[in-house]
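If you want the building blocks of each chain, they are given just below.
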Amino acid sequence: MRKQFYLNKLLYISLLGTILLSKPYKGGELRTEDSFQYGRFEVRMKSAPGSGVASSFFTYRDFWEEGLTSNSNWNEIDFEWLGMYEDKVHTNLIIQNGWDLPELVDLDVNTHDDFHVYAVEWTPNHVNFFIDDQLIRSVDNFYADSLYHGQKLMMNIWQPTYVDWVGAFDPTILPVYAYYDWVKYYAYVPNSGNAGTDNDFILLWTDNFDYYDASRWDKANHTWDGNNADLIYSNVVFEYGYLILCLTNSTDTGYNGDPLHIEGTANLPTSILVGSAYPNPFNHEVKFPISSNEPSNVQYSIYDLNGQTISTGQKAFESNSTGYLSWNGLAPNGLHAPSGTYFVRISNESNVQTRKILYLQ
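Residues numbered from 1 in each chain as written. Predicted model: local features only at pLDDT ≥ 70, side-chain atom pairs only at ≥ 80, totals over all residues. Heavy atoms only, no water.

K.L.:
It is not clear to me how the sheet that holds strand E21 (residues 309–317) should be interpreted in this structure. Could you clarify?
P.N.:
Strands pair in a sheet through their backbones, by hydrogen bonds, and they do so in one of two ways: parallel or antiparallel. One open sheet accounts for four strands, arranged E21-E20-E23-E24; its pairing is antiparallel. The open sheet has two edge strands, E21 and strand E24 (352–359), and neither has a second partner. Here the strands of the sheet are splayed against their neighbours by 20 degrees on average, with no regard to which way each runs. Two strands pair when backbone bridges link them, and strand E20 (residues 296–303) and strand E23 (residues 340–347) are joined in this way by five bridges, in the antiparallel orientation. (Pairing = 2+ DSSP bridges. Helix = DSSP H or I, 4+ residues; strand = E, 2+ residues; numbered from the N terminus. Axes fitted to C-alpha atoms, helices over the stretch in contact; angles between N-to-C directions.)

Shown next as structure tokens:
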């Protein structure tokens, strides 16, 4: 059954750009523009609950994009959370010709209730899986040796039809969500790094998901046999400082859960406090109240849903002063930005906060 699942999964790239069949449920997927050969891939996330639900963090060789169609070109490394298990994670390696090496790993934590840091270290000699910096699986046989093609980093949520793998599905549990706080990528630099096993890795980038960075990520719009959900753009949501992947029915798509907060904000230096934007929605000018308890140069950047910078600015604040930042809806070219949702990133030397606003011309 697992082998058939992976053979069916080969069909998904071929469906890109085609008209999706109308499946009963809708999921979401985010993938990097770039491919990586080796490295350490980290995520802080909370998996989606529910029998019949799968959420993931994995690398995959997008060989269909390279013009190849045979599964002899396959390479993949998986973290998969099956919603029927609260204290397990499914790990897997898939190599040329679709050979796979699955293992369901027991954990001492509830992956659905709390955020945890998961990591994969991929080198020419081994693949290691970690949770909260604890090694939970290591593979150093010919499977690891066979993983040498560049792979994209991906995350998705979907509804597999394989009941023996994920359990029976009850659609009344919908919607369900997987929450991703941040992702980090470390390059593999043996004997010269400062992170990971034997300091063989060095951090190249972090994405805190304050907005959709379209220069780094692509949203998916496809499906495959064995998946009861179409993956759609609107079920890949950037809100409250998180990437939220949504599994929904076909009518109530997107994120409709409770407001979230960026955990750990209370531990940041409180040199500035940012109030709620007002008015919001707005059609003339929006203001952000600022309180500063020390001299500070406060900067802001406004991004659209594609991660493009629309406007930037800054303002100096004295110690124990109050004031506000504002935006009038204009882009640097002097023209009004289109109506829609925007993200505002406000920061100084020690603090970063994000607000969402709705602009109506």
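The rest of the description comes next.
K.L.:
Is there a simple way to think about the confidence of the model for the protein chain in this case?
P.N.:
Put simply, the protein chain has an average pLDDT of 87, and 90% of its residues get 70 or more. For residues 10–20, every residue scores under 50 in pLDDT, and the model assigns this stretch 27 contacts once sequence neighbours within four places are set aside. Note on residues 262–269: pLDDT under 50 across the span, and 10 contacts to partners over four residues away in sequence or across chains. (pLDDT = per-residue confidence, 0-100. Contact = heavy atoms within 4.5 Å.)

K.L.:
Quick question: what am I supposed to make of the side chain of asparagine 235 here?
P.N.:
Relative to the helices and strands, asparagine 235 is located in the loop between strand E15 (229–231) and strand E16 (236–239). Residue classification places asparagine 235 among the buried residues on the basis of a relative accessible area of 0%. Reaching out from asparagine 235, the side chain makes a polar contact with the backbone oxygen of lysine 26 at a distance of 2.9 Å. Once you skip the residues sitting within four places of it in the chain, asparagine 235 turns out to touch Lys26, Gly27, Gly28, Ile244, Leu245, Cys246, Thr248, Thr253 and Gly254. (Buried < 20%, exposed > 50% of the residue type's maximum accessible area, 1.4 Å probe, protein only. Polar contact = N/O pair within 3.5 Å; in protein donor to acceptor, adjacent residues only side chain to side chain.)

K.L.:
Would you mind going over a negative patch on the surface with me for this structure?
P.N.:
Together, Glu86, Asp87, Asp108, Asp113 and Asp114 give the surface a local cluster of negative charge. In this fold, aspartate 87 is placed in the loop between strand E4 (76–82) and strand E5 (88–95). (Patch = residues over 30% accessible without salt bridge, like charges linked within 9 Å, V, L, I, M, F, W, Y side chains within 5 Å. Areas by Shrake-Rupley, 256 points an atom, 1.4 Å probe, with all protein chains shown as cover. Salt bridge = Lys/Arg side-chain N within 4 Å of Asp/Glu carboxyl O. Lys, Arg positive; Asp, Glu negative; His and termini not counted. Charge placed at Lys NZ, Arg CZ, Asp CG, Glu CD.)

K.L.:
So what exactly am I meant to see when it comes to the pattern of salt bridges here?
P.N.:
Close approach of charged atoms allows side chains with opposite charge to pair. Considering all chains together, one arrives at 13 salt bridges under this definition. A salt bridge links glutamate 42 to arginine 40, with the nearest nitrogen and oxygen atoms 2.7 Å apart. The exposure classification of glutamate 42 matches that of arginine 40, with both residues buried. Here lysine 88 and aspartate 106 are joined by a salt bridge, their closest N and O atoms 2.4 Å apart. Separated by 18 residues along the polypeptide, lysine 88 in strand E5 and aspartate 106 in strand E7 (residues 103–106) bring together distant segments of the chain. Look at aspartate 106 and you get exposed, because its relative accessible area is 56%. Connected through shared salt-bridge partners, Glu29, Arg31, Asp62 and Lys152 make up one network.

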